[in-house]
Amino acid sequence: MSLSQDRTERLALIERLLPGGQGGSKHGLTIKELQRKLENIDRDVIRHPRTLQRDLQWLIKQGRARLLANSREQPTYQRMEEGGDIDDSIWDYFVGHLKTDLEGIVSSSELAKLLDRLKLHDQGIALDESKICILPDSLRLQPAQINYQVFTAVLRALKESRALQVKYIDRQEKSSMPILHPLGIMQRGPRIYLFALKNDEQEERLYAIDRIRTAELLQTPARQKPEFDFNRHIAEGRADFANGELIALKATVRGYVENLVYDCPLHESQKLEPLSDGESGSLLTVTMPSSGQLLRWILAGGDNITVNEPLELRGTIINQINKTAEIYR
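Residues numbered from 1 in each chain as written. Predicted model: local features only at pLDDT ≥ 70, side-chain atom pairs only at ≥ 80, totals over all residues. Heavy atoms only, no water.

1. As for the overall build of the protein
Within the protein, the secondary structure is distributed over 11 helices and 12 strands. Put simply, of all contacts in the protein between residues at least 6 apart along the chain, 60% involve residues at least 24 apart. Here the protein has roughly 21100 Å² of accessible surface; of this, 51% comes from carbon and sulfur atoms. (Helix = DSSP H or I, 4+ residues; strand = E, 2+ residues; numbered from the N terminus. Contact = heavy atoms within 4.5 Å. Areas by Shrake-Rupley, 256 points an atom, 1.4 Å probe, with all protein chains shown as cover.)

Shown next as structure tokens:
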């Protein structure tokens with residue numbers, strides 16, 4: 001099973017019960033002692049020694065607990081205390097991660113400028129690319145080419161609440177010269193979008209920054225929309241061009257997908273249970289927003305994931321698969 005809600009709560013409880021190691025303390029708990037403490041708190045908590053042993057090993061692997069080396073017959077365990085400083089090796093690792101993430105949203109020339117501005121070259125990376133490889137979990141597109149003079153004007157307009165006169169080229173290559181009243185910027189993957197009111201319109205629109213060819217900062221104050229809220233737009237799915245409604249997803253997962261969601265849950269509400277009929281695989285249940293991103297993830301899973309519910313999503317996937325099969329025929 002994955003880190004289901006029950007197991008997550010049990011792990012958190014075990015971590016709280018383990019004594020800390022303040023001041024180099026050698027006091028820890030054996031599995032039997034931990035069993036008794038759990039029983040006193042909640043009799044419904046799983047307390048089988050093998051289960052607790054697996055839970056403790058997981059906490060150790062995550063750096064949240066440690067096995068004490070002492071003279072007691074039974075192994076004793078202790079909670080790891082949070083340190084105030086970041087270890088140099090951890091810093092090196094996250095610097096490498098930062099570089100990899102930036103490569104997915106800016107060009108190589110801009111990456112060099114950003115790293116120089118952050119002075120990361122002064123830090124060096126002791127664990128360099130010959131020892132650490134960080135890969136995205138999906139195909140990474142090249143960043144859209146933007147005009148940085150345009151982008152600077154957009155950012156200034158946002159900062160100073162001023163309107164912009166822009167030249168915009170849409171997907172049909174039609175040119176227009178609207179006056180935009182910027183509300184906010186959203187970066188989604190390799191592309192940057194501007195939420196703005198157009199001319200005298202009341203509803204905001206989404207503009208790809210790379211399609212803005214010129215931008216003139218006007219002295220006119222930008223019209224405001226007090227109810228504009230990024231969180232609402234994301235919840236409604238506009239960040240992924242979907243309606244964003246919450247769905248109760250039920251699916252059968254197998255193979256690498258089963259292993260992946262076992263260790264990396266889709267959402268904190270996820271539950272993963274072995275199939276009752278003895279077949280290989282597990283039943284995945286999770287409540288999360290419907291989005292294009294979720295649909296693409298399911299389609300990428302191929303025959304390793306079968307959606308059972310909701311029926312509307314199942315129907316969408318069947319239609320996508322049938323259309324694809326027809327094209328390949």
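2. Focus on unusual backbone geometry
Following E309, the chain continues to P310 via a peptide bond in cis, the omega torsion being 0°. Structurally, P310 is set in the loop between strand 12 (305-309) and helix 11 (311-328). Notably, S161 is not glycine yet its phi reads approximately 55°, a positive angle. If you check the backbone angles, N199 has positive phi at about 50° while not being a glycine. Within the fold, N199 resides in the loop between strand 6 (191-198) and strand 7 (205-208). Here N199 falls in the partly exposed class, since its relative accessible area comes to 34%. (Buried < 20%, exposed > 50% of the residue type's maximum accessible area, 1.4 Å probe, protein only.)

3. Description of the nonpolar core
One finds L164, L194 and I209 to be the most contacted residues of the largest nonpolar core, which totals 24 residues. Counting only elements with at least two residues in this core, the list comes to helix 7 (148-160), strand 3 (162-169), strand 5 (179-188), strand 6, strand 7 and strand 8 (212-221). Broken down by element, this core gets its largest block of residues, 6 residues, from strand 6. Ranked by size, the runner-up nonpolar core spans 17 residues in total, among them I247, L272, I298 and I317. (Core = buried A, V, L, I, M, F, W, Y, C linked by side-chain atoms within 4.5 Å.)

4. Focus: the environment of T8
Its location among the elements puts T8 in helix 1 (residues 5-17). The partly exposed category is assigned to T8, whose relative accessible area is 37%. Once the C-alpha coordinates of T8 and D55 are considered, the two residues, 47 residues apart in sequence, prove to be 9.8 Å apart.

5. Comments concerning the packing of helix 10 (residues 292-300) against helix 11
Close contact between helix 10 and helix 11 brings their axes to 11 Å; oriented N to C, the two are set at 55°. Relative to helix 11, the element helix 10 lies oblique. Between helix 10 and helix 11 the crossing geometry is right-handed. The segment helix 10 lies against helix 11, with L295, I298 and L299 engaging L313, T316, I317, Q320 and I321. Of the residues assigned to the contact of helix 10 with helix 11, the class counts are 6 nonpolar, 2 polar and no charged. (Axes fitted to C-alpha atoms, helices over the stretch in contact; angles between N-to-C directions. Parallel < 35°, antiparallel > 145°, perpendicular 65-115°, else oblique. Left-handed = near helix turned anticlockwise from the far one by under 90°. Nonpolar A, V, L, I, M, F, W, Y, C, P; charged D, E, K, R; others polar.)

6. Describing the sheet that holds strand 12
Note on sheets: strands pair through backbone hydrogen bonds, and any given pair is parallel or antiparallel. Strand order across the open sheet formed by 4 strands is 10-11-9-12, with antiparallel pairing between neighbours. The open sheet is flanked by strand 10 (271-274) and strand 12, the only strands paired with a single partner. The sheet shows a mean angle of 25° between the axes of neighbouring strands, direction not considered. Note that strand 10 and strand 11 (residues 282-289) share 4 bridges and pair antiparallel. The residue bridging K271 from the neighbouring strand is T285, located in strand 11. Where helix 10 meets the sheet, its contacts fall on strand 9 (246-253), strand 11 and strand 12, and the angle it forms with strand 12 comes to roughly 130°. Its contacts with the sheet place helix 11 against strand 9 and strand 12, and it is angled at close to 140° to strand 12. (Pairing = 2+ DSSP bridges.)

Scope: geometric values only; no functional claims are made or implied.
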